[in-house]
Amino acid sequence: MTATPGLIPRGARNPGSQGALRHLNQERLVEFLLANGPSTQAELARGTGLSTATVSNIVRDMAAKGVVSTSPVTSSGRRALLVRLTDTGDIAVGVDFGRRHVRIVLSTLGYQVIAEEEVALEPGYDVLGAVGEAAALLDRMLIAGGYARESVLAVGVGIPGPIDRRTGTVLQGAILPEWVGITRRELEDVFGFPVMVDNDANLGALAEVTWGANRGQRNLIFVKIGTGIGAGLILSGQPYYGFLGITGELGHTPVAEHGVICRCGNRGCLETVASTSVMLESLGRGSGTRTAADILRRGLEKDPAVLRVVSDAGTAVGQAIGNIANVINPELVLIGGPLVGLGDALLDPIRHGIRQNAIPIIAGTTTVRVSSLGDRAESLGAAAIVIQGALAGNE
């Protein structure tokens with residue numbers, strides 16, 4: 001299968017490169033146009049804080065790619081160039097696979113969602129069978145919207161596990177062991193499109209700074225608390241991937257010296273004391289609490305046992321975050337996952353844990369709040385890596 005020309009996986013670029021900076025500036029222009037409609041280059045410069053020369057160069061490049069169109073106008077008695085987003089007809093697809101679901105988002109290059117659907121999956125599903133279900137759902141969504149398959153640039157796929165970005169292979173340690181060993185090429189064979197694959201927490205973090213209320217944030221940690229616990233890092237405005245792409249494995253941070261053995265082989269990892277699976281075990285089968293949704297429901301009902309379990313887990317999560325905060329000094333920590341509806345009952349223990357482990361100045365200046373995108377974050381992030389690859393062109 002051949003990849004779309006010019007489509008570059010985000011991790012293939014140096015986050016500190018000129019290309020990455022140009023791409024960030026492109027995002028700022030797109031966001032301004034989405035919020036304010038057609039604008040002159042002078043208005044774009046004032047609204048984004050970029051120089052007129054930078055705006056002119058980026059607009060020229062985006063116009064060459066068909067992302068924007070330009071037309072001469074008269075503004076304040078002077079000739080100016082009006083810039084507007086164009087509907088190129090290109091579609092970015094974002095797919096999020098969870099333990100019990102797959103969610104698919106279709107988006108334009110202008111960050112407009114044009115279709116979105118979710119279907120349930122059986123626990124312990126056959127991976128390639130589930131990918132086949134997702135591919136069939138994508139086909140139905142394209143047909144329903146009247147979109148040609150040729151309009152799809154690529155499919156971004158989020159998976160709850162570490163990804164070797166050199167090969168696009170899911171590595172040992174995935175919370176869904178059925179995914180271990182699955183490769184990007186296998187996904188491409190089933191979907192019939194180029195595929196860009198990433199860890200779901202990384203995509204959640206990316207979505208927050210491209211789609212959510214936290215657009216423009218430069219340094220943040222996105223933490224997803226579920227059956228596993230993972231983190232996505234945004235540093236200096238860019239996702240941070242490290243050497244192999246295996247970053248943010250917060251769930252495997254040791255927090256209990258004499259704790260139980262984790263599935264990763266270490267002892268006392270955060271996942272062994274704070275995942276939703278462990279919370280359910282602590283509450284016991286006879287409690288009638290069998291799913292994360294039950295924890296949420298009973299927590300909202302102020303059930304004391306549930307609130308205690310959530311508090312203990314939240315404190316442990318906060319302690320692990322505090323250790324990372326001491327190293328990278330984030331301005332914002334965002335919490336995602338099925339329990340965010342608990343609000344401060346979950347956030348306050350996390351804040352307490354951060355205060356216990358982070359130095360005072362960092363703990364006091366780090367904001368902790370829930371994700372602005374809820375359970376859509378990962379699929380939107382998956383669409384974002386496709387959009388960003390398309391806008392990057394051949395840089």
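So, here's what we can say about the structure. Treat the numbers as computed from the prediction; the structure is a model and nothing was measured.

## Digging into the sheet that holds strand β5 (residues 101-107)
The strand order β6-β5-β4-β7-β10 describes an open sheet built from 5 strands, whose pairing is mixed. Both edges of this open sheet fall to β6 (113-120) and β10 (195-199), since each of them pairs with a single strand only. Strand-to-strand twist in this sheet, taken as the mean axis angle between neighbours without regard to direction, amounts to 15 degrees. Here strand β4 (residues 91-97) runs beside β5; their pairing, made up of 6 bridges, is antiparallel. Counterpart to D96 in the pairing with β5 is R103. The strands touched by helix α4 (residues 127-145) are β4, β5, β6 and β7 (152-159); relative to β5, the strand with the most contacts, the crossing angle is about 35 degrees. The sheet strands contacting helix α5 (residues 184-191) are β4, β7 and β10, and the helix crosses β10 at an angle near 130 degrees.

## Quick notes on the pattern of salt bridges
According to the stated counting rule, one finds 17 salt bridges in the structure shown. D375 serves as the salt-bridge partner of R103, at 3.3 Å between the closest nitrogen and oxygen. Here R103 is found in strand β5, whereas its partner D375 is found in the loop between β15 (367-370) and α13 (377-392), with 272 residues between them in sequence. Assessed through its relative accessible area of 10%, R103 is described here as buried. Ionic contacts of the salt-bridge type, sharing partners, join the residues R103, E116, E118, D375 and R376 into one network.

## Thoughts on the sheet that holds strand β11 (residues 220-225)
Across the sheet, 5 strands lie side by side as β13-β12-β11-β14-β15; this open sheet has mixed pairing. Strands at the two margins of the open sheet, each flanked by one partner only, are β13 (238-239) and β15. Note that β11 and strand β12 (residues 229-235) share 6 bridges and pair antiparallel. Note that in β12 the partner of F222 across the bridge is G232. The sheet contacts of helix α6 (residues 200-210) involve β11, β12, β13 and β14 (332-336), and relative to β12 the element is tilted by about 40 degrees. Here helix α10 (residues 304-328) sits on the sheet and contacts β11, β12 and β14; the angle it forms with β11, its principal contact strand, is near 160 degrees.

Definitions and limits used
- Residues numbered from 1 in each chain as written.
- Predicted model: local features only at pLDDT ≥ 70, side-chain atom pairs only at ≥ 80, totals over all residues.
- Heavy atoms only, no water.
- Pairing = 2+ DSSP bridges.
- Helix = DSSP H or I, 4+ residues; strand = E, 2+ residues; numbered from the N terminus.
- Axes fitted to C-alpha atoms, helices over the stretch in contact; angles between N-to-C directions.
- Contact = heavy atoms within 4.5 Å.
- Salt bridge = Lys/Arg side-chain N within 4 Å of Asp/Glu carboxyl O.
- Buried < 20%, exposed > 50% of the residue type's maximum accessible area, 1.4 Å probe, protein only.

Shape is all these values report; function is a separate question.
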